[in-house]
Structure formats: structure tokens, C-alpha cells
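# A structural walkthrough
Here's the letter readout for the chains.
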Amino acid sequence: MSEAVAGVRWPAEWPKRSVFGLVVRSGCVVGFGALLLWTGVVSIGRDDVGSVIGSVLVLAGVALVGSAVIGIVAAAAHRPRRLTVVRGRSERFDEDGVAVPGARGVAVASAVAAGALALTAGALLLAPGPAWVVACVGLLGATWPVAAAVRRLRGAEALVVVPAGIEYRSPSGSVAVDWDSVVSVVARAPYRGRLIGVVTSAPAMRRRGTRGPWSAEEAPTWSGGLPLPVDRLDADPLLVLDLLDRARTDPALRARLGSDVDPRSAVR
């Protein structure tokens, strides 16, 4: 049976969520990661080949444990019936409305996991034998996740919904679309992730960075609409999908979003 929250059914396109599945999956990943760590540490001091293979196993183990921690924190941020809404202002439409902020806990967990990977790679520079080669590759590989995690912590990631339209802000840029051009709001799940696709009849407006100019940009025809990464928000993805779908067809709800009423009351 499909999961339902507040009378809204879980989309068939999204991977089903299960506490039992999360516990089993996380336990298996952590256990396998710990096994790789132990095997790697034991192998490093044996000989040159063991040093290389052990270094790879240690980095893989740290990455697996970090990914499990991020998954657990994300599941807590996206638990059923959770919808964090605050007052927000759209920079594109210059209007007040409600904002669903980014999941800061997930950003912190990502930063800690990326930092642990970088520190482990740095520590391997002191390991005997040619482990320093793997350590250098590990440090280079950890650069991108560390930079991405820092940008998420510093940037104001949020989904802002105002009477005129939708704006999604992230450290890398923002995208906005007005309600008049929104045809439908659909669930998408590329690579087992959760996205909301906003299908529009006109190009969306996009801005690179946080201060760049806005420019029109067509969504690719194969993309299934303008992608909104709902997995990054501090909310149950189902409730965000429901909010956007209701606002698309309800002018009264859109007007209430820009009023002075409490944000949680405005989205009901």
C-alpha cells in the first residue's frame, strides 16, 4: 500500500521510504565500511603492495561510513509530516512569501564526512611505503566534496514560494518561474534521488552564483520539467510536492502566502 501523509499518497516515481530499510541499509554500510577500515589498517604496514591496497581500503571505509551518517541525518530531516516554513522574500519577484529552508543538519553531516575523508587522506601521507601516492589522490578527490559542503553551509539554500511564483536558491545559483507558466508539478527520481519537476510553458529565469544577472533558460525536453532538489530541504518531500501542487491551482492559497499570517497557517 502506498504511504499517505495528510491525505496525499507517496508518488510511485519516488523510492519508498522505510525505517526498517534505513536501519538495515545503514547497518550494512557501516559494518562493511568498518570491515574495510580494519582490513586497510592491518594491511598498510606489511609491504609496498599492502600499503597501497590498505590505503585504498581505509579511504573507502571512511567514505562508506560518512555516507551512512549523511543518509541517517537526511532521513531525520525528511521524516513524515515535517515541514519547516519561515518567512522569506523572493529576489526575482521582489515579493514576500514563505520559504522552506535547506536541511542544515544534512549540510553539517556532509561537511563532517568530507572533512573526515580529507583528514584521513592527510594522515595516510605519514604511512609507510607508497601509501602517500594514494593519499595524494585521496586529497585531490576530497577537495570537491569539502568545497561543496562549505558552500552549502555558507549559502542560504531554500525554496521560496510567493504569490507570483517559485524561486529555488542554492549557493551555486537560483532559478525562478512564475505561476502563470507552470503547467504541472511532478515527482521525479533520477538515480534513486527525489526531485520535483516543475513543467512550464515558458523558459525559467536562472542566475549563476548569488549576485549574477537573471537570464531566461529553457529546461531540456528530456528533463521532465525544471528540477527542484527537494532532498536538500528541511521538510517531508511529500508535503513540499503537495504545497506546490495546491498553490499551482489555488489563487487564494498563493495570496495567503504573501500575507502577514503565520507561515505554517499560510500553507494549510
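Our subject is the structure listed above.
Quick caveat, the model's predicted, so the values are computed rather than measured.

Conventions we followed
- Residues numbered from 1 in each chain as written.
- Predicted model: local features only at pLDDT ≥ 70, side-chain atom pairs only at ≥ 80, totals over all residues.
- Heavy atoms only, no water.
- Helix = DSSP H or I, 4+ residues; strand = E, 2+ residues; numbered from the N terminus.
- Polar contact = N/O pair within 3.5 Å; in protein donor to acceptor, adjacent residues only side chain to side chain.
- Contact = heavy atoms within 4.5 Å.
- Pairing = 2+ DSSP bridges.
- Axes fitted to C-alpha atoms, helices over the stretch in contact; angles between N-to-C directions.
- Parallel < 35°, antiparallel > 145°, perpendicular 65-115°, else oblique.
- Left-handed = near helix turned anticlockwise from the far one by under 90°.
- Nonpolar A, V, L, I, M, F, W, Y, C, P; charged D, E, K, R; others polar.

This part is about the side chain of Ser110. Note that Ser110 resides in helix α3 (residues 104-124). From its side chain, Ser110 meets the backbone oxygen of Val106 in a polar contact 2.8 Å long. Residues contacting Ser110, with those up to four places away along its chain left out, are Ile70, Ala149 and Arg152.

Sheet architecture is open: three strands sit in the order β8-β9-β12, paired in antiparallel fashion. Both outer strands of the open sheet, β8 (182-188) and β12 (226-228), are each paired with one neighbouring strand and no more. In this sheet, neighbouring strand axes are inclined to one another by 25 degrees on average, regardless of whether the strands run parallel or antiparallel. Taken together, the six bridges between β8 and strand β9 (residues 195-200) define a ladder with antiparallel strand orientation. Bridge pairing in β9 places Val182 opposite Thr200.

This part takes up the packing of helix α2 (residues 48-77) against helix α4 (residues 131-154). Packed helices, taken two at a time, are described by their axes: the angle between them and the distance between them. α4 packs onto α2 with a crossing angle of 30 degrees between their chain directions and a minimal axis gap of 8 Å. With respect to α4, the element α2 is oriented roughly parallel. As for the relative orientation of α2 and α4, their crossing is right-handed in sense. The residues of α4 that touch α2, namely those facing Ser51, Val52, Ser55, Val56 and Leu59, are Ala131, Val134 and Gly138. Split into classes, the residues belonging to the contact of α2 with α4 amount to five nonpolar, three polar and no charged.

Coordinates in, geometry out; function isn't part of it.
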